[in-house]
Amino acid sequence: MAKYIGILTSGGDSPGLNAAIRGVGKAALNQYGMQIVGFRDGFRGLMENRTMRLDAGELSDILTRGGTILGTSRDKPHRMPVGGKLLDMTDVIAGNYHDNHLDALVCLGGGGTQKNALRLKEKGLNVITLPKTIDNDVALTDATFGFDTALGIATDAIDRLHSTAHSHHRIIVVEIMGHRAGWLALGAGIAGGADVILIPEIPYAVESVAVAIRERSRRGKPFSIVAVAEGAVSVQEHEEQQAKKKAGAKQKEGKKAEVEDAPETQYAERTVRLAKQLEQLTGLEARITILGHLQRGGIPSAADRLLATRLGTACAELIDQGRYGVMVAARGDGTKAVKLEDVAGKVKTVPPDHPWILSARHVGTNMGD
Ligand code: F6P
């Protein structure tokens, strides 16, 4: 009996999602004689039973398309916005899975999706995931698709920002995505030759950055590029965050504490504040560029298409073998099935002694410390 697979994309859109859908779909149809159906807009579409046909026709000409043909959302099965309330819709989702007579559900997403997939596994569903995000912060995989494309976009942006920096003798502060991890800012900062790279993993001292910029001026380079990850914070803010978390943890003993995630506006406020401080401390003009969702847009890079395709075909192979409850991780030129229990809830951040950090320091980049 041919297996029937459901597939959805969840969380932020990312280059390579359609390449991954194509990889899973073409292998399932052509190699293993399976059938596949898409669910729209992440877990919400599964909860609402909104589907999209995925036959050979729909899987053609999507390899190079940005975004996701299925649509996506950040909705979680156990905290689904319904009628203005957050409701646990896990049982409805499990019911739709069975009503559609699915043999397996493929979830393409980042860290949050791995957690949501584990919950569905615990409900007895056959789930299998692929690691997607431009942040590259999913544990136990060499890489996530989306990262390489975003790296290229952010690097190109830094290349272009050098023009204004050296023409106007300015500090250009460029804010780069990555949520709580610094991979994108670190990689693009190195590739783009940023003079300063600030990442969440190394809380920065503004004075240290200013000294580095003033030193460049003294050496006849009165301009600097500061690549700042959106999650990067000063030493003082880091200490305040730690204290708040601790206080929040204490509250948890009594009642549920909501430790606020910094929304995009808070990122921008920090970036503006940093630019103003550097202007005051160096005497140079500063300008800000926030790359935002440009980093998720457009045609996926060759590396992301290759990664997404090989993860997708490996996923179809695992389904054919009846192996579920795993994420298909990239390992060297191959893949490895890692248990969702080992991935969910973990964020892969940049280790302080990571070779990329050493390399940045060795070419004279200031890391804010
Ligand atoms: O997780 C990918 C990501 O682009 C993060 O880098 C960023 O902080 C977040 O998504 C933005 O989320 P949204 O697209 O919902 O604004």
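First, a word on what this report is: a plain description of the structure on this page. Please read all numbers here as calculations on a predicted model, not as lab measurements.

Examined bridge by bridge, strand S13 (residues 326-331) and strand S14 (residues 334-339) share six bridges and lie antiparallel to one another. Counterpart to Met327 in the pairing with S14 is Val338. Hairpin connection between S13 and S14: a loop of two residues separates the two successive antiparallel strands, and Gly332 in this loop has a positive phi of roughly 60°.

All residues in the neighbourhood of the ligand are listed as Arg74, Thr133, Ile134, Asp135, Met177, Gly178, His179, Glu230, Glu264, His293 and Arg296. Take Asp135: an N or O atom from its side chain is 2.7 Å from an oxygen atom of the ligand. Between the ligand and Glu230 there is a distance of 2.4 Å, counted from an oxygen atom to a side-chain nitrogen or oxygen. When the ligand is considered free in solution it has 390 Å² of accessible area, and contact with the protein chains removes 76% of it. Tallied by class, the residues present in the shell around the ligand amount to two nonpolar, four polar and five charged. Residues from two domains meet in the shell around the ligand; each of domain 1 (4-145 + 300-343) and domain 2 (149-296) gives at least three.

So, on to the pattern of salt bridges. Tallied over the entire structure, the rule returns 19 salt bridges. Across the pair Arg50 and Glu48 runs a salt bridge whose closest N-O atoms are separated by 2.7 Å. For Glu48, a relative accessible area of 36% gives the class partly exposed. Taking the shortest distance from any N to any O, the salt bridge between Arg219 and Glu215 comes out at 3.8 Å. Judged by relative accessible area, Arg219 falls into the exposed class, the value being 55%. When its relative accessible area of 31% is taken as the criterion, Glu215 is described as partly exposed. One network of salt bridges, with partners in common, ties together Asp41, Arg44, Glu48, Arg50 and Asp75.

Rules used throughout
Residues numbered from 1 in each chain as written. Predicted model: local features only at pLDDT ≥ 70, side-chain atom pairs only at ≥ 80, totals over all residues. Heavy atoms only, no water. Pairing = 2+ DSSP bridges. Helix = DSSP H or I, 4+ residues; strand = E, 2+ residues; numbered from the N terminus. Near = heavy atom within 4 Å. Polar contact = N/O pair within 3.5 Å; in protein donor to acceptor, adjacent residues only side chain to side chain. Areas by Shrake-Rupley, 256 points an atom, 1.4 Å probe, with all protein chains shown as cover. Nonpolar A, V, L, I, M, F, W, Y, C, P; charged D, E, K, R; others polar. Domains from an automatic or database assignment. Salt bridge = Lys/Arg side-chain N within 4 Å of Asp/Glu carboxyl O. Buried < 20%, exposed > 50% of the residue type's maximum accessible area, 1.4 Å probe, protein only.

Treat this as a map of the structure, not an account of what it does.
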